[in-house]
Amino acid sequence: MDCSFRRPRPILLWCLAISLAYCAGQARGQSNWPATSSPGNPYSGLGSSDASPYPATGASPVVTEWPEPGATQGIFPAGPAPGLSPSSANWIVPADPQAYVDAQVYCEGDPFPQQQLLSQADAPWDWQMLPEGLIYRSYWAGVHEPRVGVQFIGERDGDSFWDPTVGARVGLIRYGNYDPFHPQGWQLDVEGAALLRLTLDNVRDLETTDFRVGVPLTYGIGDWQFKLAYYHLSSHLGDEFAIRNPGSLDDRINYVRDAMVLGASYYVVPAMRVYGEVGYAFNATGGAEPWEIQFGTELSRPGPTGFHGTPFLALNGHLREEHDFGGDFTAEAGWLWRGNTGQVLRIGAFYFNGKSSQFQTFDDSEEQIGAGVWYDF
């Protein structure tokens, strides 16, 4: 087996160890998903000085029956009151402290059709076009995943590059629940990305570009997610590199993969995801061979992070048959911000060791260290 990995630098091992310990501390005690995806008492925090932005008093709650449209009650002026609904600041609390009522039952006209304000694990499934959120999310440390981002890297031999990725992954259709953060059900996605390498000097020449497009069919149930996907990947030599090196087009590598992928992802705890996938290319040219294996893990505090964010650690291994099932290892650690539909903005340190991350030079060995910023859908 020719892995062609280089000995990592000691300072990187210390950084990874510190990041892993910190993220593990964040994960400790996390046994449930955020309130958006598990039932609970949504009013339990009201009245506490550190959890509620609403005013509180020591008086017992007053339970008021909401009037029918057109009815008259002491708290309203005489005459009909059509179209009145309670505002977001008027919380209606049941007399029984052990029970709660979904606030949606007090909203006339159901302003969010087919969607519950409090998502539950047994929520009914339905067909949705252009659903919010992804069931099977891209791998943070996977260098060929669709995203918007860039890493600035220096190689051991002294060359410096910046590797931008311009791409996206979106859901087309779902048969499942309406939870955008931790959706359940079936979903068809589409993805595409251009992965470039440019020199990090005054010229900023385009060296190579890998193009990838794919159609994943995903399924999520509980803490498990599964993926059956097709993708096409082709590698191209940059025009500016070809101009700078006459005759290089005669020797360019036509690296192409048309592959089917079967993957599985599992949240051991909400703060820790593990995954693995196997791919088989039914069309492989330019030195590519059919089989590939990818696996890794991601650690971060679950749920929307707000303005302050949270630390993260991501590790990924990619083994390929053309290298006798050697390949590459990637590690990323830093800070992330997660939105209400699971989208993630990350900044941090980047490390890569193994066969080249650009498939135009797939047989070269590289060790990269640097920093990056990434936005994952």
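Here the structure is a predicted model, which means the values were calculated and not measured.

*Asks:* An account of the nonpolar core is requested, with residue identities and associated values reported.
*Replies:* Among the nonpolar cores identified, the biggest contains twelve residues, and these are Trp-140, Ala-141, Val-143, Ile-153, Phe-161, Phe-312, Ala-314, Leu-336, Val-344, Phe-350, Phe-352 and Trp-374. When residues of this core are traced back to their parent elements, those giving at least two are strand 10 (310–320) and strand 12 (344–355). At three residues, strand 12 tops the list of elements feeding residues into this core. With residues near it in sequence (within four places) discarded, Phe-352 still touches Val-143, Asp-328, Phe-329, Thr-330, Ser-357, Glu-366, Glu-367 and Gln-368.

*Asks:* Before we move on, can you summarise the packing of aromatic side chains with the specific residues and values?
*Replies:* Applying the stated criterion to the full structure yields 14 aromatic pairs. These aromatic residues form a ring-pair network of at least three members: Trp-125, Trp-127 and Tyr-175. The aromatic ring of Phe-161 is capped on one face by Arg-197, whose charged end is 5.1 Å from the ring centroid.

*Asks:* Describe the side chain of Gln-184, and please don't skip the residues or the numbers.
*Replies:* Considering the arrangement of structural elements, one finds Gln-184 in the loop between strand 3 (160–176) and strand 4 (185–199). The class of Gln-184 is buried, set by a relative accessible area of 10%. Of the polar contacts made by the side chain of Gln-184, one reaches the backbone nitrogen of Gly-222; its length is 2.5 Å. Sequence-distant contacts of Gln-184, defined by excluding residues within four places in its chain, comprise Trp-125, Ile-135, Arg-174, Tyr-175, Gly-176, Asn-177, Gly-220, Ile-221 and Gly-222.

*Asks:* Would you mind going over the pattern of salt bridges in detail, with residue names and values included?
*Replies:* The final tally for this structure, using the stated rule, is 15 salt bridges. For Glu-155, the salt bridge is made with Arg-197, and the minimal N-O distance between the two is 3.8 Å. Here the residue Glu-155 occupies a position in strand 2 (residues 148–155), and Arg-197 occupies one in strand 4, the gap between them amounting to 42 residues. Take Glu-155 and Arg-197: they sit in the same class, and that class is buried.

*Asks:* Requested: an account of the environment of Phe-359, with residues and values cited.
*Replies:* Take Phe-359: it is sitting in the loop between strand 12 and strand 13 (365–376). Along the sequence, Phe-359 and Ala-288 sit 71 residues apart, while their C-alpha atoms lie 9.0 Å from each other. Excluding anything up to four places from it in sequence, Phe-359 contacts His-144, Asp-210, Leu-233, Ser-235, Tyr-255 and Arg-320.

*Asks:* So what about the side chain of Gln-360? Which residues, and what values?
*Replies:* Topologically, Gln-360 is positioned in the loop between strand 12 and strand 13. With residues up to four places along the chain from it excluded, the contact list for Gln-360 reads Thr-208, Asp-210, Ser-235, His-236, Leu-237, Arg-252 and Ile-253.

Procedures and definitions
Residues numbered from 1 in each chain as written. Predicted model: local features only at pLDDT ≥ 70, side-chain atom pairs only at ≥ 80, totals over all residues. Heavy atoms only, no water. Core = buried A, V, L, I, M, F, W, Y, C linked by side-chain atoms within 4.5 Å. Buried < 20%, exposed > 50% of the residue type's maximum accessible area, 1.4 Å probe, protein only. Helix = DSSP H or I, 4+ residues; strand = E, 2+ residues; numbered from the N terminus. Contact = heavy atoms within 4.5 Å. Phe/Tyr/Trp six-rings, centres within 6.5 Å; stacked < 30°, edge-to-face > 60°. Lys NZ or Arg CZ within 6 Å of the ring centre and 35° of its normal. Polar contact = N/O pair within 3.5 Å; in protein donor to acceptor, adjacent residues only side chain to side chain. Salt bridge = Lys/Arg side-chain N within 4 Å of Asp/Glu carboxyl O.

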